[in-house]
Amino acid sequence: MPVRLPLPFRCLPRSLLSQPLTPPPACPRRGEVRPLFQRVLGPRRTGHQTPGGSSPGGRKCLRESVGSPRPSLATGPKPAAPGGEATARRSWRKSPFPGSLCARPDGSSPRPNLVRPEAARAPLPRAGRGPGSCSTCGMEREPGDGSLFFRGLQNRSREKVKLRKRKSALYLSPQESARRRGECGGRPAGAGKGAGAEPGLGARAPPAGAGAGSPDLVRSPRDPGPRSCGTEGRPPRRGSAWAWRGQPVREGTGPRSLEGLAPGVRPGLLGENIYLVLFTIALRICNCFLVQTSFVPDEYWQSLEVAHHMVFNYGYLTWEWTERLRGYTYPLIFASMYKILHLLGNDSVQLLIWIPRLAQALLSAIADLRLYSLMKQLENQQVARWVLCSWFTWYCCTRTLTNTMETVLTVIALFYYPLEGSKSMNSVKYSSLVALAFVIRPTAVIPWIPLLFRHFWQAQRKLDLILHQFLPVGFVTLSWSLIIDRIFFGQWTLVQYNFLKFNVLQNLGTFYGSHPWHWYFSQGFPAVLGTHLPFFIHGCFLAPKRYRILLVTVLWTLLVYSMLSHKEFRFIYPVLPFCMVFCGYSLNHLKMWKKPALSFLILSNMLLALYTGLVHQRGTLDVMTHIQELGYNNNLNKSAASVFVMMPCHSTPFYSHVHHPLPMRFLQCPPDLTGKSQYLDEADVFYQNPLSWLYKEFHNNSTLPTYLIIFNVLEEEISAFLISRNYERTATFFHTHLPEGRTGSHIYIYERKLKGKLYRR
């Protein structure tokens, strides 16, 4: 009756295990050799020993370790080696089979060779072959001493069997492993720690389904392969090596896309499924083209206008650049794009408008994927999918605002921040991104103050964290910013200090408007969250303790910005992803009302996103498209034309959306930096008495502009001037359904005619 081998021995070649083992007679030398698999797989076990069990030579028979019934025949003690124990040790060192699996005379285990010598590849000895051999076990005594060496249990097909010892595991050669995997159906089944696994390297289980059904994800040739075909359903153990299309992918060090993939799904860029990456990028590109409205002047005047002036040497720089409150790091990104287009001869106005926005959309897509991956690590895929659907993110993420870049860098830095449960911690990466965000917009450090303090408080080596990570990263980033600003300003300038001094210390931002201290809590924050507000509150009560730091960051940011008089919606945009974490957690834990809640959120956010992106405040961009055509026509006709924008300060883009040296002018509004009382800028003086200002400014007809651009609310006040100077309305553009103050619902373009009367369309 064949004897079934224990599980550790099934990893041997089939040719070795093909012969049945039957209970043999007792071996007269059963105490002379330590069992082979006990030697390789683990420490020596106590068992049936010779009557001289306390002697160092007492050992179990090889047949006993294989699985045969233990004989009841008692044997005599092991004969002593000639020359004593020292002689036996010397003879073991001189053995012609140094890689043998025999034990030393003192009971210790010698390390086996990786490749068995030629002497060990002879056919399996039979009983009674050679003098001094065991008639049952096939062990021979080496001539000249009392040590034994093993010449049996080999592959009868004469295939090379490579024995490796690593953490109590027996491995085969790569050829044998590949053949065994083929017998198991080609699946990378679970195995012990591979020969190529790096010690001390944490690894995760491979993807569910990727090892079972993916033809591209297979074990590398270095990996030992499965122990048996019966283990193919088990997940691989820690440290096992995989190969993705021939390239090695080691768990714990490779991309995280292998985690949670369905069968047959390929890992792609940024640690996620390639189809998810492409879908996210395509979504943000559509987002870019579906946002055709203006938000705030800074999305043009602090980025695109500066970049256009850097490359084409004409345009207008606002007072922030003359006072060195802004740095050139962020505009330099778009200036590089403009320069490449200029060198290629493709610097058309449409490319100058859309290429920077597409680049910003791509960066926002990367931030979306990082936030999705982070939430999948902390929670699951169901929570991760609901942290991205926000109307305000759709409205802002493709705009060339410093706040948008600040938000992108904040989200990517949060992916590497050491949150509890995160698997992508990297202090150098996240601190570098935070430093870059600070260089672009110094107020970006406000949300990171509690996060940095928490990291410092929980760090084991606080001094090393500061000296070896934070200080080098800050020094390199700030030096890079100083060099860039030195090149373009012509002198050494620390713009981050100037920015904080003007906006925080001196609080001169009130010149552009002020709000009560509770504005963010009563209006700003609820408007940014929109219909997600009740789910955010619900998620704050349900979220586990590890998310408390994110809630503290949100409250801290709102409190700090509430202390400043000048408030805007975009200032709190960087903490919106933090809030969406709680919203996603709330949605995932809804039971009865989950589908209605999701339908309500999707519908409401879609309506808000489409309305604000396609309808609200679109007139200022449409009018610049018309100015482009005017500049092109005047260039063909070789006629001198000029444009005067009589609207609130910086209401429209400028030369970045015209890309033609057409003389243009607008009402300026620099703040008072001299400390004068009752200071009024040019725009304020104009709106106090528009008609009087126009007659005083254009007393001579030769200085009159060719085109006037105004809001409809101003038409009635200056109608006398328009009639007297022969201006005719030639175009009308819708702007908003919610006019307010100096901003009207429509924009009018008036053109001056040399002859004829005013005709209103």
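Q: I'd like a description of the overall build of the protein chain, backed by residues and values.
A: Within the protein chain one finds 28 helices and ten strands. Taking the contacts inside the protein chain whose residues are at least 6 apart along the sequence as the reference set, 72% of them involve residues at least 24 apart. About 36,200 Å² of surface is accessible on the protein chain, with carbon and sulfur atoms providing 60% of the total.

Q: Give me the lowdown on the sheet that holds strand S10 (residues 746-752), citing residues and values where you can.
A: Spatial strand order, S7-S6-S8-S10-S9: five strands in an open sheet with mixed pairing. Edge positions in the sheet fall to strand S7 (664-666) and strand S9 (727-734), since each of these pairs with one other strand and no more. Strand-to-strand twist of the sheet, defined as the mean angle between neighbouring strand axes without regard to direction, takes the value 20 degrees. In this sheet, S7 lies alongside strand S6 (residues 643-646) in parallel orientation, the contact comprising three bridges. When the sheet's bridge partners are listed, Val 643 is paired in S7 with Met 664.

Q: Would you mind going over helix H27 (residues 690-697) in detail, with residue names and values included?
A: Among the residues of H27, those classed as buried are Pro 690, Trp 693 and Leu 694. Considered in projection along H27, the buried side chains sweep an arc of 100 degrees and stay on one side of the axis. Elements in contact with the buried residues of H27: S6, S7, helix H26 (682-688) and helix H28 (719-724).

Q: I'd like a rundown of the state of the cysteines, residues and numbers included.
A: All told, the structure shown has one disulfide when counted by the stated rule. Linked covalently through their sulfurs, Cys 649 and Cys 669 form a disulfide whose S-S length is 1.9 Å. Given an S-S torsion of about -80 degrees, the disulfide between Cys 649 and Cys 669 has left-handed geometry. In this pair, Cys 649 sits in the loop between S6 and S7 while Cys 669 sits in the loop between S7 and H26, placing the two residues 20 residues apart along the sequence. A relative accessible area of 17% means that Cys 649 is categorised as buried. Note on Cys 396: no disulfide assigned, nearest cysteine sulfur contributed by Cys 397 at a separation of 8.0 Å. Looking at Cys 583, it has no disulfide partner, and the nearest cysteine sulfur is the one in Cys 579, 6.9 Å off.

Q: Let's hear about unusual backbone geometry: which residues, and what values?
A: Trans is the common state for peptide bonds, and a negative phi is the common state for residues other than glycine. Positive phi is not limited to glycine here, since Gln 617 has a value of about 60 degrees. By secondary structure assignment, the location of Gln 617 is in the loop between helix H24 (594-614) and helix H25 (619-637).

Q: Could you give an account of the environment of Ala 527, naming the residues involved and the relevant values?
A: In this fold, Ala 527 is placed in helix H20 (residues 519-529). What makes Ala 527 partly exposed here is its relative accessible area of 32%. Along the chain, Ala 527 and Phe 392 lie 135 residues apart, while their C-alpha atoms are 8.9 Å from each other. When residues no more than four places from it in sequence are discounted, the contact partners of Ala 527 are Trp 391 and Phe 569.

Q: Which residues make up the packing of aromatic side chains, and what values go with them?
A: Across all of its chains, the model carries 45 aromatic pairs by this definition. Taken together, a centroid distance of 4.9 Å and an interplanar angle of 25 degrees make the contact between Tyr 328 and Phe 488 stacked. In this pair, Tyr 328 sits in the loop between helix H10 (319-322) and helix H11 (329-344) while Phe 488 sits in helix H18 (residues 462-489), placing the two residues 160 residues apart along the sequence. On the basis of relative accessible area, Tyr 328 is assigned to the buried category, the value being 7%. Ring centres 4.9 Å apart and planes at 65 degrees place the aromatic pair Tyr 328 and Phe 489 in the edge-to-face group. Of the two residues, Tyr 328 is situated in the loop between H10 and H11 and Phe 489 in helix H18; the sequence distance between them amounts to 161 residues. The exposure class of Phe 489 is buried, given its relative accessible area of 17%. Taken together, the aromatic side chains of Phe 644, Phe 686, Tyr 687, Trp 693, Tyr 695, Phe 698, Phe 721 and Tyr 727 make up a single cluster linked through ring pairs.

Q: So what about the packing of H11 against helix H12 (residues 349-378)? Which residues, and what values?
A: With their axes 10 Å apart at the nearest point, H11 and H12 run at an angle of 130 degrees to one another. On the basis of the axis angle, H11 is oblique to H12. As for the relative orientation of H11 and H12, their crossing is right-handed in sense. Of the residues in H12, those in contact with Tyr 330, Phe 334, Met 337, Tyr 338 and Leu 341 of H11 are Leu 351, Leu 352, Ile 355, Pro 356, Ala 359 and Gln 360. Grouping the amino acids of the contact of H11 with H12 by side-chain chemistry returns ten nonpolar, one polar and no charged.

Q: Give a detailed account of the pairing of strand S8 (residues 707-711), specifying residues and quantitative values.
A: For a regular strand, side-chain orientation follows a simple rule: the groups alternate between the two sheet faces. Of all the five residues making up S8, five are buried; the element is thus mostly covered by neighbouring parts of the structure. Side-chain alternation along S8 places Tyr 707, Ile 709 and Phe 711 on one buried face and Leu 708 and Ile 710 on a second face that is also buried. By the bridge criterion, four bridges tie S6 to S8 in an arrangement that is parallel. Across the sheet, Val 645 pairs through a bridge with Ile 709, a residue of S8. Here five bridges tie S8 to S10, and the two strands are oriented antiparallel to one another.

Q: An account of the pattern of salt bridges is needed here, citing residue identities and associated values.
A: Applying the stated rule across the entire model yields 14 salt bridges. Ionic pairing is found between Arg 546 and Glu 379, a salt bridge with its closest N-O pair at 2.9 Å. Of the two residues, Arg 546 sits in the loop between helix H21 (533-542) and helix H22 (548-562) while Glu 379 sits in the loop between H12 and helix H13 (381-384), which places them 167 residues apart along the sequence. Given the relative accessible area of 24%, Arg 546 is considered partly exposed.

Q: Quick one: what's the story with the environment of Asp 368, residue by residue and with numbers?
A: Looking at the element boundaries, Asp 368 is found in helix H12. As for Asp 368 and Val 411, which are separated by 43 residues in sequence, their C-alpha atoms are 8.0 Å apart. Those residues in contact with Asp 368 that sit more than four places away from it in its chain are Thr 280, Arg 284 and Leu 388.

Q: Explain the environment of Asn 507 to me, and be specific about the residues and the numbers.
A: Note on placement: Asn 507 falls in the loop between helix H19 (495-505) and H20. The exposure class of Asn 507 is partly exposed, given its relative accessible area of 22%. Note: C-alpha distance between Asn 507 and Met 563 (56 residues apart in sequence) is 9.9 Å. Look past the residues within four positions of Asn 507 in its chain and what remains in contact with it is Lys 501, Phe 502, Leu 564 and Ser 565.

Q: Could you give me a rundown of a nonpolar patch on the surface, with the residues and numbers involved?
A: Where nonpolar side chains cluster on the molecular surface, the patch consists of Leu 478, Leu 494, Tyr 497, Val 504 and Leu 505 and spans about 450 Å² of accessible area. Considering each element in turn, the nonpolar patch owes the most residues, three residues, to H19. Looking at the element boundaries, Val 504 is found in helix H19. Residue class for Val 504 comes out partly exposed when judged on its relative accessible area of 35%.

Q: Got a sec to walk through the nonpolar core? Specific residues and values, please.
A: Soluble, globular proteins show a tendency: their nonpolar side chains are buried together. Counting residues in hydrophobic clusters, the biggest one holds 111 residues, and the most contacted among them are Phe 392, Tyr 547 and Ile 709. Of the residues forming this core, the biggest block, nine residues, is contributed by helix H15 (residues 402-416). Not counting chain neighbours up to four residues away, the residues in contact with Phe 392 comprise Phe 295, Val 528, Phe 569, Arg 570, Tyr 573 and Leu 576. Listed in part, the 19 residues of the second largest apolar core include Met 646, Leu 667, Tyr 687 and Tyr 750.

Q: With reference to specific residues and values, describe the pairing of S10.
A: Within S10, five of the seven residues are buried, leaving the element largely enclosed by the surrounding structure. Taken together, the seven bridges between S9 and S10 define a ladder with antiparallel strand orientation. By the bridge assignment, Ala 731 is partnered in S10 with Ile 749.

Q: I'd love a proper account of the confidence of the model for the protein chain, names of residues and values included.
A: Residues with a pLDDT of 70 or more make up 63% of the protein chain, whose mean pLDDT is 75. Here residues 183-265 is modelled with pLDDT under 50, and outside its nearest four sequence neighbours on either side it reaches 167 contacts, counting other chains as well. A low-confidence stretch, residues 756-761 (pLDDT under 50), is modelled with 14 contacts involving residues beyond four sequence positions or located in other chains.

Conventions and cut-offs
Residues numbered from 1 in each chain as written. Predicted model: local features only at pLDDT ≥ 70, side-chain atom pairs only at ≥ 80, totals over all residues. Heavy atoms only, no water. Helix = DSSP H or I, 4+ residues; strand = E, 2+ residues; numbered from the N terminus. Contact = heavy atoms within 4.5 Å. Areas by Shrake-Rupley, 256 points an atom, 1.4 Å probe, with all protein chains shown as cover. Pairing = 2+ DSSP bridges. Axes fitted to C-alpha atoms, helices over the stretch in contact; angles between N-to-C directions. Buried < 20%, exposed > 50% of the residue type's maximum accessible area, 1.4 Å probe, protein only. Arc of directions from axis to C-beta. Disulfide = S-S within 2.5 Å. Phe/Tyr/Trp six-rings, centres within 6.5 Å; stacked < 30°, edge-to-face > 60°. Parallel < 35°, antiparallel > 145°, perpendicular 65-115°, else oblique. Left-handed = near helix turned anticlockwise from the far one by under 90°. Nonpolar A, V, L, I, M, F, W, Y, C, P; charged D, E, K, R; others polar. Salt bridge = Lys/Arg side-chain N within 4 Å of Asp/Glu carboxyl O. Patch = residues over 30% accessible without salt bridge, like charges linked within 9 Å, V, L, I, M, F, W, Y side chains within 5 Å. Core = buried A, V, L, I, M, F, W, Y, C linked by side-chain atoms within 4.5 Å. pLDDT = per-residue confidence, 0-100.

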